[in-house]
Amino acid sequence: MNAVLLSGLLGVVMMFASFLFRTKAPVRILAILGMAVLLVANVLDTKGIHFFHVNTTGFLSFTGYALFFNTIVIACTLIFFLISSKDMQKVGNHYAEYFALIFFILTGIFLVTAFTNLLILFIGIEIISIPLYILTGSAKKDLKSNEAALKYFLMGAFSTGVMLMGIALIYGATGTFDITKMNIAGLLKSNLLTAGMLMLLFSMCFKVSIAPFHFWTPDVYDGAPNVFTSFMATIVKVGIFVGFLHLFYTAFDAIALQWKIWMAVLAALTLLVGNITAVFQQSVKRMLAYSSISQAGFMLFALVAMNETAHEGLLLYAIAYCLATIGVFGIISKMTDYSFDGFNGLAGHQPLVALCVAIFMLSLAGIPLSAGFLAKFYMLKAVIQAGGYMWLVIFGVLMAAVSAYYYFRVIQAMYFKEGPNHFSGISAFEKCVLVGICVLIVFTGLFPNIIFGWMYF
Amino acid sequence: MIALLLILVPLVSGLAAFLMKKEEQVRTWSLLAAIITFIISILGVAVYTAPGCWTFRAGWMGSLNSSFSLKGDGMGIMLCLLTALSYPVIFLSTWTTAYKKVHNFFGLMLLTQAGLMGVFLAMDALLFYFFWELALIPIYFICSQWGGEKRIAVTFKFFIYTFIGSLLMLVGILYVYSRTPGHSFDITAFYQAGLSLKEQSWLFWLFFVAFAVKMPVFPFHTWQPDTYQQSPTAATMVLSALMVKMGLLGVLRWLLPVFPFASYLNGDTISLLAVTGIVYASLIAMRQDDMKRLVAYSSIAHIGLMCAAVFAEDKSALQGTMIQMFSHGINILGMWIVVEIIERKFGTVKISALGGIAQKAPVLTFFFVIIAFANIALPLTNAFIGEFLMFRGILASRVSEHGVLIMATAGLGIILGAVYTLRLGRKVFFGETNALTEKGSDIVFHERAILAIIVGAILILGIYPQPFLNALDHISQSILKNSDVLPMLMKQKH
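Remember, it's a predicted structure, so these values are computed and weren't measured experimentally.

Visitor: What's the story with the domain arrangement of chain A in this structure? I'm lost.
Guide: Frequently, the measure chosen for interface size is the accessible area that the parts lose on association. Residues and elements named next belong to chain A. Here chain A is described as being made up of domain 1 (1-251) and domain 2 (255-457). Domain 1 and domain 2 are separated by 21 Å when their C-alpha centres are compared. Between domain 1 and domain 2, the residue contacts involve 49 residues of the former and 46 residues of the latter. A combined buried area of about 4,500 Å² lies between domain 1 and domain 2, and 77% of that area is made up of carbon and sulfur atoms. Of all residues in domain 1, Phe68, Ile83 and Asn226 bury the most surface against domain 2, accounting for 15% of the area lost on that side. The interface formed by domain 1 and domain 2 contains three salt bridges. Remark: the boundary between domain 1 and domain 2 carries 14 residue pairs in polar contact (both at pLDDT 80 or more). At the level of secondary structure, the elements contributing two or more residues to the side of domain 1 that touches domain 2 comprise α3 (64-88), α7 (191-207), α8 (216-223) and α9 (226-250). Considering each element in turn, the side of domain 1 that touches domain 2 owes the most residues, 14 residues, to α9. Grouping the amino acids of the side of domain 1 that touches domain 2 by side-chain chemistry returns 33 nonpolar, ten polar and six charged.

Visitor: Explain the pattern of salt bridges to me, please; I cannot follow it from the model alone.
Guide: Close approach of charged atoms allows side chains of opposite charge to pair. Residues and elements named next belong to chain A. Scanning the model with the defined rule gives 18 salt bridges over all chains in all. Note that Asp178 and Lys181 form a salt bridge whose closest N and O atoms lie 3.6 Å from each other. For Asp178, a relative accessible area of 9% corresponds to the buried category. Look at Lys181 and you get exposed, because its relative accessible area is 58%. Members of the salt-bridge network, linked through shared partners, are Lys144, Glu147, Lys151, Asp219, Asp222 and Arg286.

Visitor: Would you mind going over the interface of chain A and chain B with me for this structure?
Guide: Every contact between the two is made by 31 residues of chain A and, on the other side, 34 residues of chain B. With both sides pooled, the region where chain A packs onto chain B buries about 3,000 Å², and carbon together with sulfur makes up 81% of that total. At the boundary of chain A with chain B, the tally comes to zero salt bridges. Taken together, the links from chain A to chain B amount to two residue pairs in polar contact (both at pLDDT 80 or more). At the level of elements, α16 (371-386), α17 (390-416), α18 (428-446) and α19 (448-455) of chain A are the ones that each hand at least two residues to the side of chain A that touches chain B. The dominant element in the side of chain A that touches chain B, judged by the number of residues it contributes, is α17(A), at 14 residues. Among the residues forming the side of chain A that touches chain B, the class breakdown is 25 nonpolar, three polar and three charged.

Visitor: Would you take a moment to explain the domain arrangement of chain B for this structure?
Guide: All names here are of chain B. Along its sequence, chain B is carved into domain 1 (1-258) and domain 2 (286-494). Domain 1 and domain 2 are separated by 21 Å when their C-alpha centres are compared. When domain 1 packs against domain 2, the two sides together hide about 3,700 Å² of surface, and 77% of this comes from carbon and sulfur. By the criterion of area lost to domain 2, the three top residues of domain 1 are Met78, Leu252 and Leu256, representing 17% of everything that side buries. Linking domain 1 with domain 2 are one salt bridge, by the criterion used here. Ionic pairing is found between Arg293 and Asp226, a salt bridge with its closest N-O pair at 3.0 Å. Our count for the contact surface shared by domain 1 and domain 2 stands at six residue pairs in polar contact (both at pLDDT 80 or more). Secondary-structure elements contributing two or more residues to the side of domain 1 that touches domain 2 are α3 (74-93), α8 (197-214), α9 (224-230) and α10 (233-255). The class makeup of the residues in the side of domain 1 that touches domain 2 is 28 nonpolar, 13 polar and three charged.

Reading the values: rules and limits
Residues numbered from 1 in each chain as written. Chains lettered and ligands numbered in written order. Predicted model: local features only at pLDDT ≥ 70, side-chain atom pairs only at ≥ 80, totals over all residues. Heavy atoms only, no water. Domains from an automatic or database assignment. Contact = heavy atoms within 4.5 Å. Buried area = accessible area lost by both parts, 1.4 Å probe. Salt bridge = Lys/Arg side-chain N within 4 Å of Asp/Glu carboxyl O. Polar contact = N/O pair within 3.5 Å; in protein donor to acceptor, adjacent residues only side chain to side chain. Helix = DSSP H or I, 4+ residues; strand = E, 2+ residues; numbered from the N terminus. Nonpolar A, V, L, I, M, F, W, Y, C, P; charged D, E, K, R; others polar. Buried < 20%, exposed > 50% of the residue type's maximum accessible area, 1.4 Å probe, protein only.

Next up, the structure:
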């Protein structure tokens, strides 16, 4: 509960900060401090020290899993602030408001990871989505950004409508919004329930860009300012994924036979579409947009497997994917040319930055000794344990091999080709953050036990 | 302890090499590290029988039941010895080759060595997979950064081939893991997985593709000639002398004992493919004008024979394969050193552009002829022992139905091998000198020393192989015991 209320409050504080401070530096420092406080508050919450005692009347339940996941989200956002907050200045004048919106989004994520009531899920998703529409269009003078925002808003609003309809149908079938009390085992043949569940499935798929509901993703990710693409593609996506897993694990596990095969087909389709399209991209930013689709396909493995390993795997995936992608975007937003050719010869001009990008790419591709490998490993392990979907596993690893193609193209450009410098410079502090992310990635890849040790202390 | 040191020394010295600035310093440091590794491996061989000195076990990923478990059996120790011996030789023979960013080159080379040692010693499937990839990534960077003109595309093909293979193997490892009693990645647990015939028949291929790409066995070999040709010679030596052994070791240690049924059922198919590859590669080798490609195809032919012998599942065939793994490493290393010297002296590896080198470089020719004889497995050379044992094993095999056919085809390959190797010698070393080779000179002291080491190893192993055979006796017995299908067939019947 600490984090939900605090992040909401901090959002309001950031709004006032915009006219309290004339310059931008204090705003940034306030935001970073706020995020650090949020992190501490959430960790204390995990340890059983609650700042607030609110009776949620069974609408929210903060399990250890949800709290630990929230810690990951906050830590990743903190890293995101450290590396990208300066680049946010380039987007527009409403610097403090951007931070405020991000704090609100976090509030939404905390609700989505801890809901036990479908209404809270709906409210959480909306709290996430509406600030995102604004952030996408925050580069007001950029036509692409405006287009992206409009597109995202129209499609997002439609999918929210579908979700609401789904919730209504489920209420009609079960008579409750509470996912722990639905008792759907007795309603196996209910068409109302099935229709409602499918609508929820589709709208959640839309939010996490699962094919064939992914068409907004490349345009929105490409159009939005770099810094916000980074946030949107990582923290928001994994946040909603945890809600997605929570929803289907708690509410619809009893009728798993009805939807599991669809989940598997969706995962395969997402991997196929994401990877194959990413191969043909010329811009690294757009490539990352498609790669985020294909990574979502791997995360969907958790919903196919639905076991303990899948829960651990999703956590690891969240860490691995967020860290690497935030790092890459942190560097992309300092590049003047986002195409693959723009990376040519980066290793010669910026050896340290190139090394970091290489580690991020290796992790995204799932090479051993990186967090990305372990994340994929857990996903595959979860599905194999669940049994019955070997074709999906084999298809998944083949697609992972395809993904190596486009991730390694960046490495090839940086190390084995020559080109002019398109990198606009990076401060010593940001370099330290980048190295820190790399160390975290390798450390997680080598000793995942320690991460899980924190989880089940 | 020895096992751990063999991995740690190259790993740490490799990481340190990245930080060094001066070229001379890096070269000396790497050579020193390689020599220390070699001394450790020699010490290890000397105390081979002492209990516990080749085993190391530490906790790693407890929640997954995977441990950092290393152990040297006869085959592993022999391959470690080969790796440890090859590295100083490789560094010395390419001592004068100039590299851009030399510290990165040597750092990556040493990391590859650590990965190779790990693959040869790992007794835990997940650890094995980690080292398998750890050996691949640095060599990918080496070949793409310091190779010939087409290096980037060629190396990438190599990388994608092996990466697909290893990912499929990962799926296989995970599946077997889910079937082991008590969910463990330990090799003994894998041996006891008790997979049904149906499971084995498809899991087998997941593993085999990874190993077949690495070896490479026909028809998975298409990456190999290009990569050998385009890579810097030092990397080619690592690839051809050491890295191909990863595939063979994988088959011997992980494939036969874990999937005995499937190995029994698919053995003949693979052997026939492998011997087809021998003839096919030998025929292509005969028509090559590029010495590097010739050696590359000749390597495919040699590996093909080893692969066929492995699936004969006979004791003498397995011993022969293991001896040949060592011998092939030595021989091909010798071949590459000669090719490298010629390339450095004359600036070309085109057979048609060379000739008459014997008149100008008699010592080099002397060494080459012995290495060439070893390449075609003449008696008194090391390869003869291996090939003889392998042929004997293939004929005596109890599991193969086409032993005679396989052996006849492979024998044809041996004859063709003599044809292209002797043709190479005749065209390059003998005959009249031309304008290019006219200015040639003989090899200098350190080159003589290196080639003398190689030739010495060829002859010692060729004349007195008994210690090696003794060392390999136990491991081949235990592989056969684990992969014996007869008791299992009996059990199925009852």
